[in-house]
Amino acid sequence: MPELSEPDRLKARALLDDLRVKIDEASAGDEALRFQFKRYIAKRLEFDERGTPTHRKRLKEQKRIAQNNLCASCEEDLPESGAELHRVRAIAGYTVENTRLLCPRCHANAEALAKL
Ligand SMILES: [Zn+2]
């Protein structure tokens, strides 16, 4: 995935600065509340991109059945645990259509290839 352009990076920084001010205002000097707001918001933004852990677990189970317990790349048996969901297009998210369940070795190779 390409990095943000400099103008877009500046927009993202401005959004982050605005959010920090709002978190400070909402927590009104309560450090514990400020910490909780930041953690809660960070998790929800992560869920926006990756879905919840429960969603990904169900998707893994679904893909394992659909792929007859075989890695979608090397076609060897998937490990009991440690199989990994690979997004064909990262921006398209964790959907049935956009993911393949891979053994850890094939997933590491796919991730390395995506960075070339
Ligand atoms: Zn494999």
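Because the structure is predicted, anything quoted here is derived from the model rather than measured.

### Looking at the overall build of the protein chain
Tallying secondary structure elements over the protein chain gives 4 helices and 2 strands in all. Going residue by residue from the N terminus, the α and β elements of the protein chain occur as α-α-α-β-β-α. In summary, the protein chain has a C-alpha radius of gyration of 19 Å against a globular reference of 13 Å for 116 residues, an excess of more than 25%. Dimensions along the principal axes, computed over C-alpha positions, put the protein chain at roughly 55 × 30 × 20 Å. For the protein chain, the proportion of its 116 residues judged to be buried stands at 9%. Long-range pairs, those at least 24 residues apart, make up 42% of the contacts in the protein chain between residues at least 6 apart in sequence.

### A short note on helix 3 (residues 53-66)
The terminal C-alpha atoms of helix 3, which comprises 14 residues, lie 20 Å apart, in line with the 20 Å expected from a rise of 1.5 Å per residue. For helix 3, the tally of buried residues reaches only 0 of 14 residues, placing the bulk of the element at the surface. Looking one or two places after helix 3, you find N68, whose phi comes out positive at around 55 degrees.

### Side note on the environment of D17
Among the structural elements, D17 can be located in helix 1 (residues 6-27). Residues D17 and L102 lie 85 residues apart in sequence; the distance between their C-alpha atoms is 39 Å.

### Here's the deal with the confidence of the model for the protein chain
Predicted coordinates in regions of low pLDDT should not be interpreted in detail. Looking at the protein chain, pLDDT values average 94 and 98% of them are 70 or higher. Model confidence for the protein chain, summarised as mean pLDDT per element, is weakest for helix 4 (residues 104-114) at 89 and strongest for helix 1 at 98.

### Things to note about the domain arrangement of the protein chain
The domain architecture assigned to the protein chain consists of domain 1 (6-50) and domain 2 (53-114). Here the C-alpha centroids of domain 1 and domain 2 sit 31 Å apart.

### Considering helix 1
Helix length check: helix 1, at 22 residues, gives a terminal C-alpha distance of 31 Å against a target of 32 Å (1.5 Å per residue), a fit within 8%. In terms of burial, helix 1 is a largely surface element, 0 of the 22 residues being buried.

### Observations concerning unusual backbone geometry
Its identity as a non-glycine residue notwithstanding, N68 has a phi of 55 degrees, on the positive side. Summarising the element assignment, N68 is placed in the loop between helix 3 and strand 1 (84-87).

Here is what the cut-offs are and how they apply
- Residues numbered from 1 in each chain as written.
- Predicted model: local features only at pLDDT ≥ 70, side-chain atom pairs only at ≥ 80, totals over all residues.
- Helix = DSSP H or I, 4+ residues; strand = E, 2+ residues; numbered from the N terminus.
- Rg over C-alpha atoms; globule rule 2.2 N^0.38 Å.
- Buried ≥ 20, exposed ≤ 12 C-beta atoms within 10 Å, placed from the backbone.
- Contact = placed C-beta atoms within 7 Å.
- Expected span 1.5 Å × (residues − 1).
- pLDDT = per-residue confidence, 0-100.
- Domains from an automatic or database assignment.

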